[in-house]
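Notes for the structure review
Now for the letters of each chain:
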Amino acid sequence: MSSVNTLYGDLSGVEFRTLYSNGKMDGCLVTEPNTLTTPYGTLVPQYEAEDMGRRAVKPMYFYKDGSLKSIALQSQTMLETPVGAIPAELVTFHKNGSIKRIFPLDGKLSGFWSWKNEFALAEALTFRSPVGELTAKIIALQFYESGALKSITLWPGQTLKVATPVGEITIRTGLAFYESGEIRSFEPLKKIDIPTPIGILTAYDNEPNGIHGDINSVQLSVDGSVEALSTVDHAVEVSIPGSGSELFRPGVKNNVCGDERKVSVPMRVRFEKRAVVFHDNPEFSFDLEKSRFAIMQMDSVTKEPLYSCG
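Since we're looking at a predicted model, the values are computed, not measured.

As a further point, take the environment of Ser185. Relative to the helices and strands, Ser185 is located in strand β16 (residues 183–188). Distance in space between the C-alpha atoms of Ser185 and Ala228 is 9.1 Å, their sequence separation being 43 residues. Setting aside residues no more than four positions away along its own chain, Ser185 makes contact with Leu175, Ala176, Asp214, Ile215, Asn216, Val218 and Gln219. In this structure the side chain of Ser185 is engaged in a polar contact, spanning 2.9 Å, whose partner is the side chain of Asn216.

So this is what it looks like as structure tokens:
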């Protein structure tokens, strides 16, 4: 074991470290208690896993100039952020030193420790946002370098009721903002009808990514108009005078458990300045002025996905 000097104080009990080409430390792992003096207060890097719910000891990482890139904390610590005081077990930073992401919990999911175990430890947090004060159990908050809130990632089962440019929506999974504060994307809990340049489409993703709240199925421009959405309820027939027509529709697949249940594969529809794009494929791009669009209701031959195979 050795000691290493950092911008935040000396680290002792260093058992692992990697170096940048300039000799500065890229990352290290410690096995003894240490305290680092940071703009957010005194932080104690994780040096042991206290129970089976915590991840194995994780290295700290640094930028090439020696500033902190990420740190797992030995115990949950309250940090003052641009949206209020937030408890943290894992924090990542931008190069300018501002918080990039903050995770109230940093558990290790395994056969002995599920997300439900981790969720039971989570506490509902109240914090400020561009759409007002919000309260929910969160997996993470993400920030821009300026300190503006970038996105909120919710635990499964958690919802927020938010006023959006397309109405008051109950959202799940995630909510994201532009740096100026306008809503950039959200994940609706239920199916919602949204006006688009080709007509009203029912927006809903039956299997949202659920990894983080920065990218969600309904995406808006700064002025509040719809940029993209996912639908499992509508097909769109595109007609080009003199060139025939083409039908775009959601797909169908077997349920993840391999049973007889059929589930929909959402159709992605994106709106650009003068075009609409289906399935995020440039080959399926059509001029809004030169094409005609007919929206058709899908037959209900599919069901919601099920993930329990018992």
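Structure's up, so let's keep going.
We now examine the nonpolar core. Soluble globular proteins tend to pack their nonpolar side chains together in the buried interior. Counting 60 residues, the largest nonpolar core has Leu141 and Ile152 as the members making the most contacts within it. Once residues lying within four places of it in the same chain are set aside, the contact partners of Leu141 are Val83, Ile86, Lys100, Arg101, Ile102, Phe127, Leu149, Ser151 and Ile152.

Right, let's get into the confidence of the model for the protein chain. Atomic detail in the predicted coordinates should be set aside for any region of low pLDDT. Residues at a pLDDT of 70 or more form 86% of the protein chain, whose mean pLDDT is 88. When pLDDT is averaged over each helix and strand of the protein chain, the minimum, 68, is found for helix α1 (residues 115–121) and the maximum, 98, for strand β26 (residues 275–278).

Moving on to the environment of Ala294. With respect to the helices and strands, Ala294 occurs in strand β28 (residues 292–297). The sequence separation of Ala294 and His234 amounts to 60 residues, and the corresponding C-alpha distance is 10.0 Å. Those residues in contact with Ala294 that lie beyond four places of it in its chain are Ala235, Val236 and Glu237.

As a further point, take the side chain of Glu187. Tracing the sequence through the fold places Glu187 in strand β16. It is Arg172 that comes nearest to the buried, bridge-free Glu187 among opposite-charge side chains, at 4.5 Å. Apart from the residues lying within four places of it in its own chain, the contact partners of Glu187 are Thr170, Ile171, Arg172, Thr173, Gly174, Asp205, Pro208, Asn216 and Ser217.

One non-glycine residue, Thr173, lies in the positive phi region at around 60°. With phi around 55°, Asp280 is a residue other than glycine that occupies positive phi space. One can find Asp280 in the loop between β26 and β27 (285–287).

Turning our attention to the sheet that holds β28. The three strands are arranged β22-β21-β28 in an open sheet whose pairing can be described as antiparallel. Two strands lie at the open edges of the sheet, namely β22 (244–248) and β28, each paired on one side alone. Between one strand and the next, the sheet's axes are offset by a mean angle of 20°, whatever the strand orientation. Inspection of the sheet shows strand β21 (residues 234–240) paired to β22 by five bridges, in the antiparallel sense. Within β22, the position partnered with Ile240 by the bridge is Gly244.

Under the defined criterion, the tally for this structure stands at six salt bridges. Put simply, Lys191 and Asp233 hold a salt bridge, and the shortest N to O gap is 3.0 Å. Here Lys191 is found in the loop between β16 and β17 (192–196), whereas its partner Asp233 is found in the loop between β20 (226–231) and β21, with 42 residues between them in sequence. On the accessibility criterion, Lys191 (45% relative accessible area) is partly exposed.

With five of six residues buried, strand β3 (residues 25–30) lies mostly within the body of the structure. Relative to strand β6 (residues 60–62), β3 runs antiparallel, the two sharing two bridges. Bridged to Cys28 within β6 is Met60.

Moving on: the packing of aromatic side chains. Using the criterion set out here, one finds five aromatic pairs in the structure. Arranged with centres 5.9 Å apart and planes meeting at 35°, the rings of Tyr40 and Phe93 form a pair that is tilted. Linking Tyr40 in the loop between β4 (36–38) and β5 (41–43) with Phe93 in strand β8 (residues 84–93), this pair joins segments that are 53 residues apart in sequence. Under the relative-accessibility criterion, Tyr40 is labelled partly exposed at 24%. Members of the aromatic cluster, each reached through a chain of ring pairs, are Phe248, Phe278, Phe284 and Phe286.

Here is what the cut-offs are and how they apply
Residues numbered from 1 in each chain as written. Predicted model: local features only at pLDDT ≥ 70, side-chain atom pairs only at ≥ 80, totals over all residues. Heavy atoms only, no water. Helix = DSSP H or I, 4+ residues; strand = E, 2+ residues; numbered from the N terminus. Contact = heavy atoms within 4.5 Å. Polar contact = N/O pair within 3.5 Å; in protein donor to acceptor, adjacent residues only side chain to side chain. Core = buried A, V, L, I, M, F, W, Y, C linked by side-chain atoms within 4.5 Å. Buried < 20%, exposed > 50% of the residue type's maximum accessible area, 1.4 Å probe, protein only. pLDDT = per-residue confidence, 0-100. Lys, Arg positive; Asp, Glu negative; His and termini not counted. Salt bridge = Lys/Arg side-chain N within 4 Å of Asp/Glu carboxyl O. Pairing = 2+ DSSP bridges. Axes fitted to C-alpha atoms, helices over the stretch in contact; angles between N-to-C directions. Phe/Tyr/Trp six-rings, centres within 6.5 Å; stacked < 30°, edge-to-face > 60°.

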